[in-house]
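Examination of the molecular architecture
Residues per chain are reported as follows:
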Amino acid sequence: MLQHNFNLSDHFKLGIFAANCSGGLTPSTLDDGWDASWSQNLKLAEMADEAGIDFMLSAARFIGHGGEKDFHGTVLETVTWTSALLAKTKNIQIFATLHTVLNHPIVVAKQIATMAQVSDNRVGLNIVAGWNKPEYDAMGLKLPDDHETRYGYAQEWYELIKKTWQSTEPFNWDGKFFQTQGTYGKPNPQIFPPIFNAAGSKEGREFAVKNSDFLFTPASDLARSVTEIQELKNEAEHLGRRIKVLTFAHVICRPTEEEAKAEWDRQLNHADHGAVQHLMDTLFSFCKSFPADLREQLRQRIAVGHGGFPLVGTPEQVAAGLIQLQETGFSGCTLSFLNYTQEFPYFRDHVLPILKGKGLLKAHI
C-alpha cells in the first residue's frame, strides 16, 4: 500500500497560491500587478524553493472573470506548469489543480505518477469538483447542477485514480460514471501523492474530510474558525483519518504600518470592479444574505486578495498575523502578493526569520 509523503508534520506550512494566473489573487487595474508569465513563475518558484517555502498551489482557470483586465484571463495550464517547475526545483512541493469533469481519471493518474518520478515524489493533487458554470460552457461540457451528483462524480473519479495508482495488474471498473476494462497505470507512484481540496457545501466538506490531506477554508472570522477547524478534525478522526486545515492570505508587508496601509488603499482604489462583481456573484454568491457592512467588508477583501485573510503591516505585524492563524488552529497558510517576485524577497528577508525564531517553521527555513 502506498505511503504518504507530504507528511502531516506539525510545523506551520507556508505556500504560494495562484501565481500561474494573471493578477494572482488581486483583481486590479494597476499596471504593476502580476502578469503570470513563465519567466516570472520560474523566478518565484526558485526563490520560494531556496527560502524553504513548503509548497506552491496552482489555480485552474479556462476563462477569465472579466473586468477591465479580464482577471485570470491568462493562465498557465496546471499540469504543464507543475511539471516544468518540479523539474526546475529541488525541495518544494507543487500541487497540480485539476477539475474532475474536465480530466479523465486514468489520464490524471498517469500524469501525477509521471510528475512524481520527475520530482522525487514532490507532486500533489488539488481536486476541484467545479463551481463556475461559464467555464464548463466554454468547454462544451455540463457541470452537474446538484452538489450530490457533483461530489458523487468526484468521489468515483478519485477512487479510480487511487485504484490505478495502486494496481500492479490490469483491472476492470464498473461504476456509475466510469466503466473501463483492462485498466492499469504503470509506472505506479512510489509514495501516495498528497491531496488538497477546498469546498464550502455540505457535500463538498464531506468529500474533503474523507479524501484530502489538506482542507482549504477561508479565515473570514477567526472566532468561528476555531470551532470550524475542530469540527472538521473531529469528522476526520471519526473516519480514522487526520487532516490539516489551511487558509489563504494576502500579504502587504512594508517597513512601516503607514506604508502598508497606503498600499492597501492603493490596491483597493484600483480594484477591477467588473471582476470583483463577477466573483461576488459566483464564487461568493452566499454573501447576498449578509448584512450590508459584512458584504462591503467581503467586497474589499475580494478586491485585495480574493477574500484572503489580510496580512497588512510591518514584518512584525505580518508575522503576528500568521502566528494568530496558527493559534486559531490553522496548520498552514498560502500567500499571495500584488506582484509576487517584487514583494516576496522582502517577506522572505524580514518575516520568515521572525517566524523561524518563534518555532513555527521547519528547521531549514
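Residues numbered from 1 in each chain as written. Predicted model: local features only at pLDDT ≥ 70, side-chain atom pairs only at ≥ 80, totals over all residues. Heavy atoms only, no water.

If you check an unreviewed UniProt entry, the chain appears there as Luciferase-like domain-containing protein from Acinetobacter colistiniresistens.

Observations regarding the environment of Glu77
Within the element layout of this structure, Glu77 appears in the loop between β3 (55-57) and α2 (78-88). Residues Glu77 and Pro187, 110 residues apart in the sequence, show an inter-C-alpha distance of 23 Å. Here Thr80 takes part through its side chain, which lies 2.7 Å from a polar atom of the side chain of Glu77. (Helix = DSSP H or I, 4+ residues; strand = E, 2+ residues; numbered from the N terminus. Polar contact = N/O pair within 3.5 Å; in protein donor to acceptor, adjacent residues only side chain to side chain.)

Notes on the packing of aromatic side chains
Tallying each qualifying case throughout the model produces 16 aromatic pairs. A centroid spacing of 5.4 Å and a plane angle of 85 degrees characterise the contact between Trp165 and Phe192, whose relative ring orientation is edge-to-face. A residue pair is termed long-range when its members are at least 10 positions apart, and Trp165 in helix α5 (residues 147-166) and Phe192 in strand β8 (residues 191-192) qualify at 27 residues. Residue Trp165 shares its accessibility class with Phe192, and that shared class is buried. (Phe/Tyr/Trp six-rings, centres within 6.5 Å; stacked < 30°, edge-to-face > 60°. Buried < 20%, exposed > 50% of the residue type's maximum accessible area, 1.4 Å probe, protein only.)

Quick look at the pattern of salt bridges
Scanning all chains against the criterion turns up 11 salt bridges. A salt bridge links Arg61 to Glu135, with the shortest nitrogen-to-oxygen separation between them at 2.7 Å. With a gap of 74 residues between them, Arg61 in the loop between β3 and α2 and Glu135 in helix α4 (residues 133-139) connect regions that are remote in the sequence. Residue Glu228 pairs with Arg205 through a salt bridge whose shortest N-O separation is 2.8 Å. One end of the pair, Glu228, is in helix α7 (residues 222-238); the other, Arg205, is in helix α6 (residues 202-211), with 23 residues separating them in the sequence. Neither Glu228 nor Arg205 differs from the other in exposure class; each is buried. Salt bridges linked by common partners bring Asp32, Arg254, Glu263, Arg266 and Glu343 together as one network. (Salt bridge = Lys/Arg side-chain N within 4 Å of Asp/Glu carboxyl O.)

A short note on the environment of Trp81
With respect to the helices and strands, Trp81 occurs in helix α2. C-alpha of Trp81 to C-alpha of Ser58: the two residues are 23 residues apart in sequence and 8.5 Å apart in space. Trp81 has contacts with Asn20, Trp38, Asn41, Met56, Leu57, Ser58, Leu76, Ile94 and Phe95, leaving out every residue within four places of it along the chain. (Contact = heavy atoms within 4.5 Å.)

Focus: the UniProt feature "coiled-coil region" (unreviewed entry) in the chain
Taking the numbering used here, the UniProt-annotated feature "coiled-coil region" (unreviewed entry) corresponds to residues 222-249. End C-alpha atoms of residues 222-249 are separated by 13 Å, and the span's content is 61% helix alongside 21% strand. (UniProt positions renumbered as here; feature names shortened; annotations may be inferred.)

A few points about the packing of helix α1 (residues 38-51) against helix α12 (residues 340-350)
Close contact between α1 and α12 brings their axes to 10 Å; oriented N to C, the two are set at 10 degrees. Comparing the axis directions of α1 and α12 gives the class roughly parallel. Touching Gln40, Lys43, Leu44, Met47, Ala48 and Ala51 of α1 are Tyr340, Thr341, Phe344, Pro345 and Arg348, all from α12. (Axes fitted to C-alpha atoms, helices over the stretch in contact; angles between N-to-C directions. Parallel < 35°, antiparallel > 145°, perpendicular 65-115°, else oblique.)

Quick word on the nonpolar core
Among the nonpolar cores identified, the biggest contains 96 residues, and Leu14, Ile16, Met56, Leu322, Phe347 and Leu355 are the most heavily contacted of them. Sort the elements by how many residues they give to this core and α5 lands first, with 8 residues. Every residue in contact with Leu355, bar those within four places of it in the chain, is listed here: Leu14, Ala319, Leu322, Ile323, Leu360 and Leu361. Grouped together as the second largest cluster of nonpolar side chains are 13 residues, Ile252, Trp264, Ile302 and Ala303 included. (Core = buried A, V, L, I, M, F, W, Y, C linked by side-chain atoms within 4.5 Å.)

Section: α12
Those residues of α12 that sit buried are Tyr340, Thr341, Glu343, Phe344, Pro345 and Phe347. At its buried positions, α12 is contacted by β2 (13-17), α1, β11 (244-253), α11 (315-328), β13 (332-336) and α13 (352-357).

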